[in-house]
Structures are given as structure tokens and as C-alpha cells.
Amino acid sequence: DFSGLTGNRFGAGSGETPGEGGGETPGEDPVTPPAGGETVAKLTMSSLGYANAASVDGKTIKVDDNISMVFKKGGAGTAPAYYDSGSAIRMYQNGATLDVKAVSGKTITSIKLIFANSQYYLKADSGTLSAEADTRTWTGSANAVKFTSTGTDKNHRAYISAIEVTYK
């Protein structure tokens, strides 16, 4: 019989906080984390403070506390560097690399690369990389992903101006 239950049960004056003790205040949406408990770490290369033409070869760059990246010369003739033109890190043709790594046991599920100057020539060592365009997205499940420049001339490099890494 519920006819005698006329007082507040949850919220003001009840002694309980909404969401505790199995009830919620009607009309309030529960706070939910992003789908699957994922986090998105974003970094714009211009925010790094590098001078024009500064080499980034072998330097560890933190995207956030759980994601880092390292650009390397690899098979290219010139080391990767930051350029004001496009506010991007230039990966030279013929095999420059970018390693994106998760730490602390995290798993990368998506990497969005935003390119400058319509130069986006890369391949990934795992997962799926979307078609060549000014924004390309890698999808998969990995603790680390290596991107390698695939262009063979100065008009086919990779100029990375920003990165967004989704991980869990």
C-alpha cells in the first residue's frame, strides 16, 4: 500500500543524495562517461613552441600523460622539423616515421591526423588508415602505432598540424 507515502523520498529534506540509495531526482540525466570509458587527447603542433625549422628528430612529445609521440628521420634524407608554414611538423618523403605510443597499459583505438598544405602521405603498420585527405583517421586496437611517410618527392610529404588520440 503506497497511499500513505506522501513525503520526500529523495532530494531536499530526505537525507539522501540523488543517485545514492538506488534513486534519482526525476528529470535529471545521469552523468555518463564517454562511450566505452575512452579519453581523447588532442595536441596542436603550433602549441609546442618550436622555432621555425626546429628539428624534432627523436624528441618525445607528450600528447597527454598517457600518450606520447616520437618523430624520426627513418629512411628519409632529412630529419622531421616544425615549420611555421602550415604550423606543422614536416615528415619528409622516403620513410620518415612517427611512433604514437600509449603508456600505463592503455590501448589506442583511434588516431586522427590533421594535415597542412594538402600533404598527407603516410601508411600505418597496423589497423586501418582512411583514404588520403587533409584529415586521416587510423582505427584499430594497439598500444603503439608507427606511421611511415610514403611519398617519393617534395610534393608528397606529410605535414602534421594536429593530432587527436582516442584511448581506453
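Conventions used here
- Residues numbered from 1 in each chain as written.
- Predicted model: local features only at pLDDT ≥ 70, side-chain atom pairs only at ≥ 80, totals over all residues.
- Heavy atoms only, no water.
- Helix = DSSP H or I, 4+ residues; strand = E, 2+ residues; numbered from the N terminus.
- Buried < 20%, exposed > 50% of the residue type's maximum accessible area, 1.4 Å probe, protein only.
- Areas by Shrake-Rupley, 256 points an atom, 1.4 Å probe, with all protein chains shown as cover.
- Phe/Tyr/Trp six-rings, centres within 6.5 Å; stacked < 30°, edge-to-face > 60°.
- Lys NZ or Arg CZ within 6 Å of the ring centre and 35° of its normal.

Trainee: Can you help me understand the overall build of the protein in this one?
Mentor: Scanning the protein from N- to C-terminus turns up 0 helices and 13 strands. Taken from N to C terminus, the helices and strands of the protein fall in the order β-β-β-β-β-β-β-β-β-β-β-β-β. Scored against the burial criterion, the 168 residues of the protein give a buried share of 38%. In the structure as shown, the protein presents an accessible area of about 9000 Å², 47% of it carried by carbon and sulfur atoms.

Trainee: Before we go on, may I ask you to explain the packing of aromatic side chains in this structure?
Mentor: Remark: the centre distance and the inter-plane angle together describe each pair of aromatic rings, the angle taken between the planes. Evaluated as defined, the whole model comprises 2 aromatic pairs. Taking 4.9 Å as the distance between ring centres and 40 degrees as the angle between the ring planes, the aromatic pair formed by Y120 and Y121 counts as tilted. Residue Y120 is classed as buried on the basis of its relative accessible area, which comes to 16%. According to the relative accessible area criterion, Y121 is buried, its value standing at 13%. Here the aromatic cluster, defined as three or more aromatic residues joined through ring pairs, consists of F115, Y120 and Y121. Over the ring of Y83 we find R90; its NZ or CZ atom is 3.8 Å from the centre of that ring.

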